[in-house]
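# Observations on the model geometry
Letter by letter, the chains look like this.
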Number of protein chains: 2
Amino acid sequence: MNSKSLYWILLFFLSLSCFLAQTHGKKERHGLDYLYKARLKQNSGVDTSLFKVIDHINEANVHPQVGLKQEDRIERLPGQPHVNFSQYGGYVTVDKSAGRALYYYFVEAHHSKNSLPLLLWLNGGPGCSSFTGALVELGPFRVHSDGKTLYKNNFSWNYAANVLFLESPAGVGFSYSNTTSDYDKSGDSRTAADNYVFLVNWLERFPEYKDRDFYISGESYAGHYVPQLAHTILYHNKKANKTIINLKGIIIGNAVINDETDERGMIDYLGSHAIISNEDVYQIHKYCDFSPNATTLSRECQTSYEALADNIIDINIYNIYAPLCFSSNVTTRPKRASILEFDPCSNNYMYVYLNRPDVQEALHANVTKLTHDWEQCGDTIQGWIDSPSTIIPLLKEFMDNGIRLWIFSGDIDGRVPVTSTLYSINEMKLSVKTAWHPWFLNQEVGGYTQVYKGDLTFATVRGAGHQVPSYQPARALSLIKHFLNGTPFPNI
Amino acid sequence: MNSKSLYWILLFFLSLSCFLAQTHGKKERHGLDYLYKARLKQNSGVDTSLFKVIDHINEANVHPQVGLKQEDRIERLPGQPHVNFSQYGGYVTVDKSAGRALYYYFVEAHHSKNSLPLLLWLNGGPGCSSFTGALVELGPFRVHSDGKTLYKNNFSWNYAANVLFLESPAGVGFSYSNTTSDYDKSGDSRTAADNYVFLVNWLERFPEYKDRDFYISGESYAGHYVPQLAHTILYHNKKANKTIINLKGIIIGNAVINDETDERGMIDYLGSHAIISNEDVYQIHKYCDFSPNATTLSRECQTSYEALADNIIDINIYNIYAPLCFSSNVTTRPKRASILEFDPCSNNYMYVYLNRPDVQEALHANVTKLTHDWEQCGDTIQGWIDSPSTIIPLLKEFMDNGIRLWIFSGDIDGRVPVTSTLYSINEMKLSVKTAWHPWFLNQEVGGYTQVYKGDLTFATVRGAGHQVPSYQPARALSLIKHFLNGTPFPNI
């Protein structure tokens, strides 16, 4: 068995646990490796403490925030073009005794900031920084190939909302804990709790957003983070019998939802997209047990996964048709950049930019002088102690509580593909309210959508990979506008 | 039922008959409409005269060709950049009494023309011109947006072979019959016979190619033309007990092969690519009879196809992720053009170019002053009298006779998608010789390939639509080189 195959045997387990990074290539392998170890330690099927809310909020967690907002104001990012909206960046302590603090980057809306909603964005991983969202996907700037200068994203989501990017949990990106043993106790449950404490304190710091309509968005493993945070918010609102956070809706894309269907959907997608052979699809379905209680891995299943591994290792599984990046260097002068044509080396430019001392200073980031670089998907977190096999019960809860629920899918992502998402939604056994139909932008089909009774809106983004706004920025902006406005895509 | 739906009910029948055009939008509808009528006239399932060769060749069909080659020499095409290879264009009479003549355009190889093989290219339809292959796909030039000037295709297949483009049958492109009733008698069988007569005469005109290794390539409905012509060649070689035409191999792409699996594969492809809903896929499989003997169309099947129609009408089904062309005009000055980035309006530029009198004169085309324009997929042919439901028996014949057989598939074509081709190959029940694996070009995965015992090589071209060389010119050139050299893609 070569190293490629071994890697994919690991991935097999990992897929069942629903862990995935958001980059490809070497970094991803690292990310997956450590999570594999976590999985072995855990040695369990379903997490039985499913969605238990850590009852975290008390006086000790809410700190005075007076004056901190102005301290967080970012005058100007190095190499940034002129803009008219305000930016903020800084830390919110979520556990004073442990010294655990989460970094955020906040961009107010281009216009109507006082009336537009507040939108939180979370990247997945687990272990991946939400600066990916900010600087490679939906934020107002992208980094030029020189790693020094920024250019505008005309399809930034802050044309539709005030957008808050959060690095979560501690150990991710610029977020940290002074108690490094915290990193070994990372997991879904504490991530939700910390994110909630972050939010309550952040709203103290930015009190003008306290009553604002609030939405949570995210992709990939944020399919866990987003619903779990929403669930925590609902729990505390109910417990306090008042609206602490004015949550109106959530939207998740190419999201980890339900391990069993996610895995089956991936296999079928890779088969129907001619990436693996139909014979391998057949073998995998025959010999692999994807159920949440599966504990063994048959030799036949392993063999089929080795074939799968050999066939996907050399493409970007997060966008199966995308060109690869063959250089880890930045350029002396910025290359001609276009928001509409995604540069496959964008992650490298972001890495260089965010590790520049002047950039970190401007962002008010890395104030404790971390011993590691800022990384898109780093390996500071060495364990992951809880990850339920499904978040479907939470989705049902939101539908029952009138929380707007949208699920989207970039249709050329092979990692959490559209088939997985459709299979997972199918598990919810919902009837159809508005039948499947195309939605349009600039006369082109932007994707397809179907609304389920309940209400749950599903929408694809045509020609988009895992990081939807990277690959289809205009369609992604149209999608988020429809979501925030609560306007369904017209049925024509 | 709206007109869209009606159109697609027609398409349903048409799909079963395996007719398809190669353009999209209005022209395609025309093309399909008349073929639907033909189908109704025919009112039959399987053609029982499957692959009967018209015994066409006798003294009367072979005409003296002395001096004609030099007359056909194209000095220079209007607006053409300088090149070092020779071009020829002209007519070969295939039926003197009827006045039926086929137009060809021939480009010799960039280098080593005396040793490189002769490669015939056929576009499909039926009813589509092989100038699509020449000016939009694999030929040495493409037409600028001004409709006047040409630019070089660095991935032209005449870097690998001497390439012969044939407009077939009479009524297509510049090919014609003075006996217009011929157009109502078009069909697979006579197309093969006429193509064969063309070839024998063309080799008289270009005798230096008589003993040259000869290959036939084509796409789409040429999945019928190519094997049927090859079969005719084999028949006459055997009958004459000598090599009249030195046929070495055939290669067909996104090819109509076997109606039943072609149709099932299309439905599954549209479902797994999130273009139609999974519910519609289920309904279609449940209620539609794709077998060659099907004569009725249930109401439920019709309804499901109406939903399908509504979902595909606004995308380019021949490249499901491609942008559309929104202008039928040419530009005053040529737009910046790139072979690597296909212009969705390319067909319009070709139309304008080929209808210019100076271009027709340079090509020695339209010498009889046709009453219609040159069209990519025209409506001169108003009927199609025979189209077998499968060409699998022919593919088996070639494998038994040592004729090289390759089948390729651009993997983002929704019309004759990769699933259809894989299902059709599966019908042949061949064992695997070399397992499914990626093939590479410039470090990127160019596609995937599998070799079957026999030998049959299947290969995908990643990120290519129905017209593979339009969308992935470099990968297409690599593919044809491997085919012509008879070198399998390496298994690494």
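Residues numbered from 1 in each chain as written. Chains lettered and ligands numbered in written order. Predicted model: local features only at pLDDT ≥ 70, side-chain atom pairs only at ≥ 80, totals over all residues. Heavy atoms only, no water.

- By the naming in an unreviewed UniProt entry, chain A goes by Carboxypeptidase and is assigned to Quercus suber.

### A few points about the packing of aromatic side chains
- Counted by the stated rule, this structure contains 64 aromatic pairs over all chains.
- A ring pair is formed by Phe106 of chain A and Tyr209 of chain A, whose centres lie 5.3 Å apart and whose planes are at 90 degrees; its orientation type is edge-to-face. With Phe106 of chain A in strand 3 (residues 100-107) and Tyr209 of chain A in the loop between helix 5 (188-205) and strand 9 (214-219), this pair connects stretches of sequence that are 103 residues apart. Taken individually, Phe106 of chain A and Tyr209 of chain A each receive the classification buried, so the pair is uniform in this respect.
- A ring pair is formed by Trp436 of chain B and Phe458 of chain B, whose centres lie 6.1 Å apart and whose planes are at 25 degrees; its orientation type is stacked. Of this pair, Trp436 of chain B sits in strand 12 (residues 432-441) while Phe458 of chain B sits in strand 14 (residues 456-461), and the two are 22 residues apart along the sequence. Comparing Trp436 of chain B with Phe458 of chain B shows no difference in burial state: the two are buried.
- For Arg404 of chain A, the ring lying beneath its charged end belongs to Phe483 of chain A, and the centroid distance is 5.9 Å. (Phe/Tyr/Trp six-rings, centres within 6.5 Å; stacked < 30°, edge-to-face > 60°. Helix = DSSP H or I, 4+ residues; strand = E, 2+ residues; numbered from the N terminus. Buried < 20%, exposed > 50% of the residue type's maximum accessible area, 1.4 Å probe, protein only. Lys NZ or Arg CZ within 6 Å of the ring centre and 35° of its normal.)

### A short note on the state of the cysteines
- Counted under the stated rule, the structure contains six disulfides over all chains.
- At a sulfur-sulfur separation of 2.1 Å, the disulfide partner of Cys325 of chain A is Cys345 of chain A. Residues Cys325 of chain A and Cys345 of chain A are joined by a disulfide whose S-S torsion is about 105 degrees; by sign, that bridge is right-handed. Taken together, the residues Cys325 of chain A in the loop between helix 9 (299-312) and helix 10 (346-354) and Cys345 of chain A in the loop between helix 9 and helix 10 connect sequence positions 20 residues apart.
- What makes Cys345 of chain A buried here is its relative accessible area of 10%.
- Note on cysteine connectivity: Cys128 of chain B is disulfide-linked to Cys377 of chain B, with sulfurs 2.1 Å apart. (Disulfide = S-S within 2.5 Å.)

### Considerations on helix 9 (residues 299-312) of chain B
- Relative to the 20 Å expected for 14 residues at 1.5 Å per residue, helix 9 of chain B spans 20 Å between its end C-alpha atoms, a close match to the ideal helical length.
- Among all positions of helix 9 of chain B, only Cys301, Gln302, Ser304, Tyr305, Glu306, Leu308, Ala309, Asn311 and Ile312 of chain B are buried. (Expected span 1.5 Å × (residues − 1).)

### Description of the environment of His63 of chain B
All names here are of chain B.
- Its location among the elements puts His63 in the loop between helix 2 (26-42) and helix 3 (68-72).
- For His63, a relative accessible area of 12% gives the class buried.
- The spatial distance from the C-alpha of His63 to the C-alpha of Thr93 is 8.4 Å, given a sequence separation of 30 residues.
- Not counting residues up to four positions away in its chain, the partners in contact with His63 are Thr93, Lys96 and Asn201. (Contact = heavy atoms within 4.5 Å.)

### Some words on the pairing of strand 4 (residues 118-122) of chain B
All names here are of chain B.
- Most of strand 4 sits inside the fold, with five of its five residues counted as buried.
- A two-sided burial pattern is seen for strand 4, the buried positions comprising Leu118, Leu120 and Leu122 on one face and Leu119 and Trp121 on the other.
- Here strand 4 runs beside strand 7 (residues 162-166); their pairing, made up of four bridges, is parallel. By the bridge assignment for strand 7, Leu119 is matched with Val163.
- Sheet topology places strand 4 next to strand 9 (residues 214-219); five bridges connect them, and they run parallel. (Pairing = 2+ DSSP bridges.)

### Comments concerning helix 7 (residues 259-272) of chain A
All names here are of chain A.
- Compared with the 20 Å implied by 1.5 Å per residue over 14 residues, the 20 Å span of helix 7 between its first and last C-alpha is a close match.
- Within the sequence span of helix 7, burial applies to Asp259, Thr261, Asp262, Glu263, Gly265, Met266, Ile267, Tyr269, Leu270, Gly271 and Ser272.
- Count one or two residues on from helix 7 and you reach Ala274, which has phi positive near 60 degrees.

### Some words on unusual backbone geometry
- Following Ser168 of chain A, the chain continues to Pro169 of chain A via a peptide bond in cis, the omega torsion being -5 degrees.
- Summarising the element assignment, Pro169 of chain A is placed in the loop between strand 7 (162-166) and strand 8 (176-177).
- Phi at Gln443 of chain B takes a positive value of approximately 70 degrees, unusual for a residue other than glycine.
- Residue position: Gln443 of chain B is located in the loop between strand 12 and strand 13 (444-452).
- A residue is classified by how much of its surface remains accessible, and Gln443 of chain B, at 58% relative accessible area, is exposed.

### A few points about the relation of the copies chain A and chain B
- For the match of chain A to chain B, the screw axis carries a shift of 0.0 Å, the RMSD comes to 0.0 Å, and the turn is 180 degrees. Expressed as a symmetry operation, the mapping of one chain copy onto the other fits a two-fold axis. Looking at the rotation axis and the C-alpha trace of chain A, the residue lying nearest is Ser272 of chain A, at 3.2 Å.
- In this assembly, 100% of the residues forming the interface of chain A have copies in chain B that are likewise at the interface, indicating an isologous arrangement. (Least-squares fit on C-alpha atoms with pLDDT ≥ 70 in both.)

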